[in-house]
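One letter stands for each residue in the lines below.
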Amino acid sequence: MLYLIGHKSIPLKQETISGKCNCCESINSVTVTVYQKYVFVFGLPFLPAGKTGISECSVCKQVLEEKGMPENIKSEYQQLKATARIPIWMFSGAIAFLLLYVYWQYQAKIHY
Ligand SMILES: [Zn+2]
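Remember, predicted model here, so these are calculated numbers, not experimental data.

S.K.: What's the story with helix α1 (residues 71–83) in this structure? I'm lost.
M.R.: Since the α-helix packs 3.6 residues into each turn, any two residues three or four apart lie on the same face. In this model α1 runs 19 Å from its N-terminal to its C-terminal C-alpha over 13 residues, within 8% of the 18 Å that 1.5 Å per residue would give. Along α1, the residues that are buried comprise I73, K74, Y77 and L80. Taken around the axis of α1, the buried residues stretch over an arc of 125 degrees, which confines them to a single face. In α1, the exposed positions angled more than 90 degrees off the buried face are occupied by E71, Q79 and A82.

S.K.: What is the right way to read the coordination of the zinc ion from this model?
M.R.: Note on metal sites: the ideal angle is 109.5 degrees for four tetrahedral donors, and 90 or 180 degrees for six octahedral donors. For the zinc ion, the full set of protein donor atoms is C21 (SG), C24 (SG), C57 (SG) and C60 (SG), and the range of their distances to it is 2.3 Å. Taken together, the 4 donor atoms coordinating the zinc ion and their angles of 104 to 112 degrees define a geometry best described as tetrahedral. In primary-sequence terms, the residues that donate to the zinc ion follow C-x2-C-x32-C-x2-C. For C60, a relative accessible area of 30% corresponds to the partly exposed category.

S.K.: Explanation requested: the pattern of salt bridges in the structure shown.
M.R.: Where charged atoms from two side chains of opposite charge come close, those side chains can pair. One pass over the full model with this rule turns up 2 salt bridges. Salt-bridge contacts for E65 lead to K67; the nearest nitrogen and oxygen are separated by 3.4 Å. Here E66 makes a salt bridge to K81, at a shortest N to O gap of 3.7 Å. Of the two residues, E66 is situated in the loop between β4 (63–65) and α1 and K81 in helix α1; the sequence distance between them amounts to 15 residues. Given a relative accessible area of 24%, E66 falls into the partly exposed group.

S.K.: Can you walk me through the nonpolar core in this structure?
M.R.: Generally speaking, soluble globular proteins have nonpolar side chains that are buried together. If you look at the biggest cluster of nonpolar residues, it comprises 12 residues: I17, C21, V30, V32, V34, C57, L64, M69, I73, Y77, L80 and A84. Going through the elements one at a time, β2 (30–41) and α1 are the ones with two or more residues in this core.

S.K.: How do you make sense of the side chain of S26 when you look at a structure like this?
M.R.: If you trace the backbone, S26 turns up in the loop between β1 (5–16) and β2. Not counting residues within four places of it along the chain, the set of residues in contact with S26 comprises G19, K20, C21 and V59.

S.K.: Hey, could you run me through the environment of K51 in this one?
M.R.: By secondary structure assignment, the location of K51 is in strand β3 (residues 44–57). Sequence separation between K51 and I5 is 46 residues, and the spatial gap between their C-alpha atoms is 19 Å. Setting aside residues no more than four positions away along its own chain, K51 makes contact with L12, V34, Y35, Q36, K81, A84 and I86. A polar atom in the side chain of K51 sits 3.1 Å from the backbone oxygen of K81.

What counts, and at which threshold
- Residues numbered from 1 in each chain as written.
- Predicted model: local features only at pLDDT ≥ 70, side-chain atom pairs only at ≥ 80, totals over all residues.
- Heavy atoms only, no water.
- Helix = DSSP H or I, 4+ residues; strand = E, 2+ residues; numbered from the N terminus.
- Expected span 1.5 Å × (residues − 1).
- Buried < 20%, exposed > 50% of the residue type's maximum accessible area, 1.4 Å probe, protein only.
- Arc of directions from axis to C-beta.
- Donors = N, O, S within 2.8 Å, 3.2 Å for Na, K, Ca; no water.
- Tetrahedral: all angles 85-135°; square planar, octahedral: opposite > 155°, others 65-115°.
- Salt bridge = Lys/Arg side-chain N within 4 Å of Asp/Glu carboxyl O.
- Core = buried A, V, L, I, M, F, W, Y, C linked by side-chain atoms within 4.5 Å.
- Contact = heavy atoms within 4.5 Å.
- Polar contact = N/O pair within 3.5 Å; in protein donor to acceptor, adjacent residues only side chain to side chain.

In C-alpha cells form, the structure reads like this:
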C-alpha cells in the first residue's frame, strides 16, 4: 500500500561508544545510532521531524531507546545527536512548494 502522507526514519549517524555495556560488561561493543524522522508527501520527503536513536550491543544484543539508556551511553548519544546534521534533501518538498508558490505569485502579477 502506498501512503500519500506519512513519516519515515533513516539512520543519520552511528558511532561505537568507548564505555562498557551495562548488561554484559563488554568493552567497545555498544554502538549508538541517531535516526532522523521526516514527513513525506506523495512519496517525496517534505520536512524533517524529530531525531530518535537507539543503542545496541553487538555481544548481548541488548537494544535500548534513549529513555532507557544508562548515563554513560546517553551522554555519548546526546553528543552524537547534537552533531548529526539534517540532510538538505529532507526539505525538498517544502522548497518545491515554496518555489511553486513564488511562481504563482509571479504569474498573477503578469496577468493583472
Ligand atoms: Zn552487552
